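This is what each chain is made of:
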Amino acid sequence: MTEQSPALDNLLTESRTFPPSAEFAGQANAKAELYATADADREQFWAEQAERLSWDTKWSQVLDWTNAPFAKWFVGGKLNVAYNCVDRHVESGHGDQVAIHWIGEPGDTRDITYAQLKDEVSKAANALTALGVVAGDIVAIQLQMIPEAIFAMLACARIGALHSVVFGGFSPTALRARVDDAAAKIVITSDGQYRRGKAAPMKANVDEALQGAESVQKVIVVKRTGSDLDGETPWTDGRDLWWHELVDGQSAEHQPEAFDSEHPLFILYTSGTTGKPKGILHTSGGFLTQTAYTHNVVFDHKPGEDVYWCTADIGWITGHSYIVYGPLANRVTQVVYEGTPNTPHEGRHWEIIQKYQVSIYYTAPTLIRTFMKWGADIPARYDLTSLRVLGSVGEPINPEAWIWYRETIGANKTPVVDTWWQTETGAIMISPLPGVTSAKPGSAQRALPGISAKVVDDTGTEVGHGGGGYLVLDKPWPSMLRGVWGDEERFRETYWSRFADQGYYFAGDGAKYDDDGDIWLLGRVDDVMNVSGHRISTTEVESALVSHPTVAEAAVVGATDPTTGQGIVAFVILRGDAVDGGDQAVQDLRNHVAKEIGPIAKPRQIMVVPELPKTRSGKIMRRLLRDVAENRAIGDVTTLADSSVMALISTGLQSGKEE
Ligand code: WT7
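Every chain is numbered independently, its residues counted from 1 as its sequence is written. With pLDDT at 70 or above as the cut-off, local features in this predicted model cover only qualifying residues; side-chain atom pairs require 80 or more to be listed or tallied, and sums for whole chains, interfaces and linings still use all residues. For side-chain calculations, the full set of non-hydrogen atoms in the structure is used, while hydrogens and water are omitted.

1. Section: the overall build of the chain
At step 1: Only runs of H or I of at least four residues qualify as helices and only runs of E of at least two qualify as strands under DSSP, and these elements are numbered from the N terminus. Check the secondary structure of the chain and you find 19 helices and 30 strands.
At step 2: Against the compact-globule benchmark of 26 Å for 659 residues, the chain has a radius of gyration of 24 Å, which places it among compact chains.
At step 3: Burial analysis of the chain (659 residues in total) assigns 62% to the buried set.
At step 4: Of the contacts formed within the chain by residues at least 6 apart in sequence, a portion of 72% connects residues at least 24 apart. C-alpha atoms define the radius of gyration in this analysis, and the globule rule sets the expected value at 2.2 Å times the number of residues to the power 0.38. For each residue, the accessible area found with a 1.4 Å probe, counting protein chains only, is set against the maximum for its type, and the residue is called buried under 20%, exposed over 50%, and partly exposed in between. It only takes one pair of heavy atoms within 4.5 Å for two residues to be counted as in contact.

2. Re the pattern of salt bridges
At step 1: Note on definitions: salt bridges are taken to be side-chain nitrogens of Lys or Arg within 4 Å of carboxyl oxygens of Asp or Glu. Considering all chains together, one arrives at 39 salt bridges under this definition.
At step 2: Note that Arg 622 is salt-bridged to Asp 527, the shortest N-O span being 3.4 Å. One end of the pair, Arg 622, is in helix 18 (residues 622-629); the other, Asp 527, is in the loop between strand 25 (519-524) and strand 26 (529-531), with 95 residues separating them in the sequence. This pair shows no difference in class: Arg 622 is buried, exactly as Asp 527 is.
At step 3: One salt bridge connects Lys 595 with Glu 596, and the closest N-O pair in it is separated by 3.8 Å.
At step 4: Residue Glu 596 is classed as partly exposed on the basis of its relative accessible area, which comes to 32%.

3. Considering the environment of Gly 486
At step 1: Locating Gly 486 in the fold gives a position in the loop between strand 23 (483-484) and helix 15 (488-496).
At step 2: With 205 residues separating them in the primary sequence, Gly 486 and Leu 281 have C-alpha atoms 9.7 Å apart.

4. Here's the deal with the packing of aromatic side chains
At step 1: Any Phe, Tyr or Trp ring, taking Trp's six-membered ring, that has another such ring centre within 6.5 Å forms a pair; planes under 30 degrees apart are called stacked, those over 60 apart edge-to-face, and the others tilted. Under the counting rule described, the total for this entry stands at 36 aromatic pairs.
At step 2: Judged by centre distance (5.2 Å) and plane angle (50°), the rings of Phe 70 and Phe 491 are tilted. Highlighted residues: Phe 70 in the loop between strand 1 (61-64) and strand 2 (72-75) and Phe 491 in helix 15, separated in sequence by 421 residues.
At step 3: Residue classification places Phe 70 among the partly exposed positions, given a relative accessible area of 21%.
At step 4: Look at Phe 499 and Phe 506: their rings are 5.8 Å apart centre to centre, the planes differ by 75°, and that puts the pair in the edge-to-face class. Like Phe 506, Phe 499 is buried.
At step 5: Following the ring pairs from residue to residue traces out a cluster consisting of Phe 45, Trp 46, Trp 55, Trp 59, Trp 73, Phe 74 and Tyr 293.
At step 6: By the criterion adopted, a ring carries a charge over it if an Arg CZ or a Lys NZ lies within 6 Å of its centre and within 35 degrees of its normal. Looking at Arg 446, its charged tip hangs above the ring of Tyr 35, at a distance of 3.8 Å from the centre.

5. Notes on the pairing of strand 10 (residues 198-201)
At step 1: In this description, strands pair whenever DSSP reports at least two bridges between them. Judged from the four bridges that link them, strand 9 (residues 192-195) and strand 10 form a sheet pairing that is antiparallel. Considered in strand 10, the bridge of Gly 192 is made with Pro 201.
At step 2: Linking two consecutive strands that pair antiparallel, namely strand 9 and strand 10, is a turn of two residues; a positive phi of about 50° is found at Arg 196 within it.

6. Considering the site of the ligand
At step 1: Around the ligand sit 16 residues, and of these Asp 418, Thr 419, Gln 422, Thr 423 and Asp 509 come closest.
At step 2: If the ligand stood free it would expose 550 Å²; the protein chains cover 89% of that surface.
At step 3: Of all the secondary structure elements, the ones that give two or more residues to the shell around the ligand are helix 11 (317-329) and strand 25.
At step 4: We call Asp, Glu, Lys and Arg charged. Ala, Val, Leu, Ile, Met, Phe, Trp, Tyr, Cys and Pro are nonpolar, and the rest, Gly among them, are polar. Residue composition of the shell around the ligand, grouped by class: six nonpolar, five polar and five charged. Residues are counted as near a molecule or strand when any one of their heavy atoms sits within 4 Å of it. Note on areas: Shrake-Rupley with a 1.4 Å probe; residue coverage comes only from the protein chains shown.

7. Examining the sheet that holds strand 12 (residues 240-242)
At step 1: In space, the eight strands of this open sheet follow the order 12-11-8-6-7-14-15-23, with mixed pairing throughout. Strands with a single pairing partner mark the edges of an open sheet, and in this sheet they are strand 12 and strand 23.
At step 2: One ladder, built from five bridges, connects strand 8 (residues 186-190) with strand 11 (residues 218-222); its direction is parallel. In the strand pairing of strand 11, Ile 188 is matched with Ile 220.

8. Quick word on the sheet that holds strand 16 (residues 308-310)
At step 1: One open sheet accounts for seven strands, arranged 5-4-17-16-18-19-20; its pairing is mixed. Strand pairing shows two members of the sheet lacking a second neighbour, strand 5 (109-113) and strand 20 (416-418), which therefore form its edges. Each neighbouring strand pair of the sheet contributes to a mean axis angle of 20°, computed without reference to strand direction.
At step 2: Bridge count for strand 4 (residues 98-103) against strand 17 (residues 334-337) is four bridges, and the pairing is parallel. From the neighbouring strand, Trp 102 faces strand 17, where its bridge partner is Val 336.
At step 3: Of the strands in this sheet, strand 4 and strand 5 are in contact with helix 5 (residues 114-130), which crosses strand 5 at around 90°. Fitting a line to C-alpha atoms yields each axis, with helices limited to the stretch in contact; the angle taken between N-to-C directions then spans 0 to 180 degrees.

9. Comments concerning the domain arrangement of the chain
At step 1: Segment limits for the domains were obtained from an automatic or database-derived domain assignment. As assigned here, the chain comprises domain 1 (111-257) and domain 2 (548-655).
At step 2: Distance between the C-alpha centres of domain 1 and domain 2: 40 Å.

10. Description of helix 2 (residues 33-40)
At step 1: Those residues of helix 2 that sit buried are Leu 34, Tyr 35 and Ala 38. Along helix 2, the residues classed as buried sweep out an arc of 105° about the axis, all on the same side. Projecting away from the buried face of helix 2 at angles above 90 degrees are the exposed residues Glu 33, Ala 36 and Ala 40.
At step 2: At its buried positions, helix 2 is contacted by helix 3 (42-50) and helix 10 (285-298). Think of the arc as the fan of directions from the helix axis to the C-beta atoms.

11. Section: helix 7 (residues 172-182)
At step 1: Where helix 7 is concerned, the buried positions are Pro 172, Ala 174, Leu 175, Arg 178, Val 179 and Ala 182. When helix 7 is viewed along its axis, its buried side chains cluster within an angular range of 165° and face the same direction.
At step 2: At its buried positions, helix 7 is contacted by strand 6 (138-141), strand 8, helix 8 (203-210) and strand 14 (264-270).
At step 3: Just downstream of helix 7, Ala 183 is the residue with a positive phi angle, here 50°.

12. Details of the pairing of strand 14
At step 1: Across the seven residues that make up strand 14, a large majority, six, are buried.
At step 2: Pairing between strand 7 (residues 162-165) and strand 14: two bridges, direction parallel. Across the sheet, the residue bridging to Ser 164 is Ile 267, located in strand 14.
At step 3: Alignment of strand 14 against strand 15 (residues 278-283), held across six bridges, turns out to be antiparallel. What sits directly across from Thr 270, in strand 15, is Lys 278.

13. A short note on the side chain of Arg 622
At step 1: Residue Arg 622 is classed as buried on the basis of its relative accessible area of 11%.
At step 2: Between N or O atoms, a polar contact is any pair within 3.5 Å; within protein, one atom must be a potential hydrogen donor and the other a potential acceptor, and residues adjacent in sequence are included only when both atoms are from side chains. Within the structure, Arg 622 has its side chain in polar contact with the side chain of Glu 542 (distance 3.0 Å).
At step 3: Ignoring anything within four residues of it in the chain, the contact list for Arg 622 reads Asp 527, Thr 538, Glu 542, Val 556 and Val 557.

Written out as structure tokens, the structure reads:
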């Protein structure tokens, strides 16, 4: 055969579409013309978006791409990011608007207005300055979802210091690697955190991490769990300071200084499946412009009317871009919840939505599938009629989970926006516009106005409609990463070398166009399976499995196979009400996949498991499942959210049946 095999086969078809209602479309922030406006003059378009912000000095040039891949956006402009997220809303007369409805896991609450937020951020900024922190210094923050986490991030932004937020559940080793890589001067943490109804120590881990860490001068400790922790909080005199003792006495007056548009705003480390974590660098003007713009058009946010809730943790980019910066720049009123979704019961999120009349809810497919597993009867007990936009991010959302989300949570009427982006992109890149797009379940559909994305083959040539390949971003965008901290070579190598001739940014994801040219994300290219020469995406087989009424979640891997190269091995979790029907049920599932996408994708083996191994941000660790599928000793499990999962799977397999 002379025909070149495609980068990725296009197997699954999904034909349901959901156009916005006339009512929604009529009131939407973004109208269909936005695409043409942006296409007509991209730089002019972004200049208009930057006008959403308040600039101290206007830029002289929108984009400087002469030193690619190092972009400069809004060149010569100066602004203060924290002023844009806080002060200007108070100045425009909205000081009494609630910025944050905070809910602690044990049930304590705190409502923080914009006027109060301004005071808290100003005091924290004064406190950091008093400790000698200056613009360009790095402050590491390891905190759970408490208001001080947001105050601390904004205080850094206000004085031009970079924050490096480290997820609260990360180990001392992970924290230390990040503190050292950036030579953080200050670490902000808490005494402890509430998780699943119990107080667990936090500072003790930080102490362990910081033994001998030379860059760290001070550790600021928020008191959260206090006497609920067993024993006293360990203390290092001269280094450790209580947040309340340091911050509460500071003046609430603080003059924000304007920084260059390209002044660094933060570093955020991506875990990466192998090797040392990469410190992704984001800067100020472009980042804030794109996060504010996308938060406005993708979620259709109306300041002062909507109540918004993004369920991410500030330890991830979603928390940075869509809890802190974009939403606050847009004068959001938002819910911030400290705890886990099943504490004290599995209806916790719905109870919060009902109580606070949440209208925009943004979460991850992994959680949606967990809700499916818990059963539709749980959300049915609550009044969710305040909801008007639902969002998803983090992984491909299977059509079935998408439909469940819209029907069960969105009363079969709210638009669902499947937003594709990355830590590196800083903000949403590919997503439906809720008042414009006829949504297709499982597709992120189209690059947003102002953004350009393509699906290309191995040679960098764009594939046709119906074709599969690699997702690239072929034009610079305002919130793009500006580098990997301290490692220019790694930045070029990871993102810009694959399609260096074309100058494309390689996202590492597989994708396809459908017949209308809409984009479907197909998972990381490292996960693509090769079965008898067919390049099959894990996402498509997983989606086919989840479309079976008994399946809540599925993870699929390719395992070495003597005849086909790789064979498809699937791990499935059944829905709450499904019974494990043994051999026959497994046969039914295999046939179901064959029917949905074709015999080539029929799993060689299906294993029913109680849990799947996931990273702490909810991504399935297929590497570990490949170890199981190939009967190998299981590799490094240190980044697993729950380290007991692999034991559960192995035990389940020994007692369960294989095909
Ligand atoms: C990777 C980036 C962006 C915030 C959370 C994750 C996957 C993300 C989608 C989506 C399909 C998605 C991609 C991407 N991903 N959103 N809507 N559809 N895949 O940030 O940890 O940097 O991960 O998440 O594989 O490359 P991240």
